[in-house]
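# Report on the structure
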Amino acid sequence: MSVTTAPVRPSAESVSFTAARLPRFAPALVGVVAAAAAGLPVLLLGWGVVAWAIVAGLVFLVALPLWARVVEGSRGATDRLVTGLVWAACIVAIVPLVSLLYTVVDRGLPRISSTFLTYSMYRTSLDQEVGIYHALIGTLLITLFAALISVPIGVMAAIYLIEYGKGKRLARWITFLVDVMTGIPSIVAGLFAFALFILLFGPSTRVGIGGSVALSLLMIPIVVRSTEEMLRLVPSELREAAYALGVPKWRTIVKVVLPTALGGIVTGVTLSIARVVGETAPLLLIAGLTTRTNFNVFDGRMTTLPVLIYTQNANPGIAETAGGIRPGIEIAWGGALVLIVIVMVLNLAARIIGKIFAPKTGH
């Protein structure tokens, strides 16, 4: 009688479902080592802080992936390398911006005062204080009228392209012209406005509304493109539901499509204003330069902050003391700070308005 015995199973081996990983402090440790390693050649060769930062960054980008390759394998090393390159690119982009903001604030903030913001450059006596009030008013008025010109044209052009012009030849031509206008140099827009107003009103014409026309040429393609993208994001089901209820197409656009896309449209308009508020060349051609405050864009020259900064830097005057800062340079830095604040406020307003008018989600 034969007896069969069950085969003996091998003992179970523990299986790890997680690969080996570097400790969390590995990037910080490698960073400290890279900084120390880069410091030695930099000190010996007499290089500066910028060279030390570059060498330390290169050592970090090489050392961390090599360590990761030993512990985590090739995939982990590739991930560490790409992550390091992304952070390096981010730092390279941020450092010049931070440096620019610091320089403008450091040099422009001492010039800011109530007098600087409420007085113009027009002097009634030699010892009178001067400011940028006239340029500030000119910037706001010219940009406002540029928005009044470009926003209706841009929004209605985008509505035609999305709602009415699909597949039509005119829509294709408008799209092509908008693409061309997107890359037009600002000086060309200024020359167009300059030639237009000279032909209409004579060779000595310099008016603020001319600057608004020039800026509107730069704003229209931005408004058209941003509005187009927002209208495309409106679900077709909303339109079809309105049509099924018998609502006319124009009323569907006004009551359904535009309110749904309003947040993005307003954001695009605000960003287009921020884009043109710092233009110099077209306004220097057609709006001209003056030291007085002008509230009428249809009559007389108007100065804007970019034009004031340019002219003050080109003609800075004579410093009161030997080796001191010339007055024009101080005014230019103060104006630059005010202009940056205006652009930052416009960008923040675009984000806030976009959140306020964004379509509400949820049930």
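Bear in mind the structure is a predicted one, so any value in this text is a computation, not a measurement.

What counts and what doesn't
Here the residue numbers are simple positions, counted from 1 along each chain's written sequence. For a predicted model such as this one, the threshold for reporting local features is a pLDDT of at least 70, and the threshold for listing and counting side-chain atom pairs is 80 or more; totals across whole chains, interfaces and linings nevertheless cover every residue. The side-chain quantities take in all heavy atoms of the structure and omit both hydrogens and water. Each helix is a run of DSSP H or I of at least 4 residues and each strand a run of E of at least 2, with the numbering of both proceeding from the N terminus. Every radius of gyration here is taken over C-alpha atoms, with the globule rule written as 2.2 Å times N^0.38, N being the number of residues. Here the term buried applies to any residue with accessible area under 20% of the maximum for its type, exposed to any over 50%, and partly exposed to those in between, with areas from a 1.4 Å probe on protein chains only. Here, residues are in contact when the closest pair of their heavy atoms is within 4.5 Å. Only the protein chains shown count as cover for residues, and the accessible areas themselves come from Shrake-Rupley with a 1.4 Å probe. For the purpose of charge, His is not counted, nor are the chain termini; Lys and Arg are scored as positive and Asp and Glu as negative. Note on charges: their place is set at NZ of Lys, CZ of Arg, CG of Asp or CD of Glu. Domain extents, as shown, originate in an automatic or database domain assignment. Buried area adds together the accessible area that both of two parts lose upon being put together, with accessible area traced by a 1.4 Å probe. The salt bridge definition used is simple: a Lys or Arg side-chain nitrogen within 4 Å of an Asp or Glu carboxyl oxygen. Any pair of nitrogen or oxygen atoms within 3.5 Å is treated as a polar contact; in protein, a donor-acceptor pairing is required on top of that, and neighbouring residues in sequence qualify only through side-chain atoms on both sides. Here the term charged refers only to Asp, Glu, Lys and Arg, the term nonpolar to Ala, Val, Leu, Ile, Met, Phe, Trp, Tyr, Cys and Pro, and the term polar to all other amino acids, Gly among them. Note on terminology: a nonpolar core comprises buried Ala, Val, Leu, Ile, Met, Phe, Trp, Tyr and Cys residues joined through side-chain atoms within 4.5 Å. Stacked, tilted and edge-to-face pairs are distinguished by plane angle, under 30 degrees for stacked and over 60 for edge-to-face with tilted covering the rest, among Phe, Tyr and Trp rings (Trp via its six-membered ring) whose centres lie within 6.5 Å. Consider the ring centre and the ring normal. A charge sits over the ring if Lys NZ or Arg CZ is within 6 Å of that centre and within 35 degrees of that normal. UniProt positions are given in the numbering used here, feature names are shortened, and annotations may be inferred rather than shown by experiment.

Per the secondary structure count, the protein includes 12 helices and zero strands. Beginning at the N terminus, the succession of helices and strands in the protein can be written as α-α-α-α-α-α-α-α-α-α-α-α. In terms of overall size, the protein is more extended than a compact globule, its C-alpha atoms giving a radius of gyration of 31 Å where 363 residues would be expected to give roughly 21 Å. Split into buried and exposed, the 363 residues of the protein put 36% on the buried side. Sequence-distant contacts, at least 24 apart, represent 69% of the contacts inside the protein between residues at least 6 apart. A total of about 22,300 Å² of accessible surface is found on the protein, and carbon and sulfur atoms cover 69% of it. Counting 27 positive and 16 negative side-chain charges, the protein places the averaged centre of each group 7 Å from the other.

The next subject is the domain arrangement of the protein. What the domain assignment lists for the protein is domain 1 (26–107) and domain 2 (118–316 + 324–356). Spacing between the C-alpha centres of domain 1 and domain 2 amounts to 40 Å. With five residues of domain 1 in contact, the opposing surface of domain 2 contributes four residues. Summed over both partners, the interface of domain 1 with domain 2 buries about 480 Å², with 85% contributed by carbon and sulfur atoms. Its largest share of buried area at the contact with domain 2, domain 1 owes to Leu101, Val104 and Arg107, together 81% of the area lost on that side. Between the two partners, domain 1 and domain 2, sit zero salt bridges. Here domain 1 and domain 2 share zero residue pairs in polar contact (both at pLDDT 80 or more) between them. Along the lines of polarity and charge, the residues of the side of domain 1 that touches domain 2 split into three nonpolar, one polar and one charged.

Right, let's get into the nonpolar core. Ile132, Leu215, Leu231, Leu305, Ile331 and Ile342 are the most contacted members of the largest nonpolar core, which has 49 residues in total. Of all elements in the fold, only helix H4 (133–164), helix H7 (208–233), helix H9 (249–276), helix H11 (305–314) and helix H12 (327–357) reach the threshold of two or more residues within this core. Counting residues per element, this core draws most heavily on H4, which supplies 11 residues. In this structure, Ala193, Phe197, Val207 and Val213 belong to the second largest nonpolar core, which totals seven residues.

Now for the packing of aromatic side chains. Here the structure, examined in full by the defined rule, presents three aromatic pairs. Centroid distance tryptophan 173 to phenylalanine 176: 6.1 Å. Interplanar angle 85°. Geometry classified as edge-to-face. On the criterion of helical spacing, the pair formed by tryptophan 173 and phenylalanine 176 is a turn pair, its members being three residues apart in helix H5 (residues 169–182). Directly above the aromatic system of tyrosine 164 lies the positively charged group of lysine 249, at a separation of 4.6 Å from the ring centroid.

Now for the UniProt feature "transmembrane region" (unreviewed entry) in the protein. In this structure's numbering, the residues bearing the UniProt feature "transmembrane region" (unreviewed entry) are residues 25–44, 50–70, 82–105, 132–162, 174–201, 207–224, 256–277 and 331–350. End-to-end, the C-alpha atoms of residues 25–44 are 30 Å apart, and along that stretch the chain is 95% helix and 0% strand. Helix makes up 100% of residues 50–70 and strand makes up 0%, while its end C-alpha atoms are separated by 31 Å.

Examined against the element boundaries, tyrosine 243 turns out to sit in helix H8 (residues 236–244). Among the residues examined, tyrosine 243 registers a relative accessible area of 35% and is labelled partly exposed. When sequence neighbours within four positions are dropped, the list of residues in contact with tyrosine 243 reads Lys249 and Thr252.

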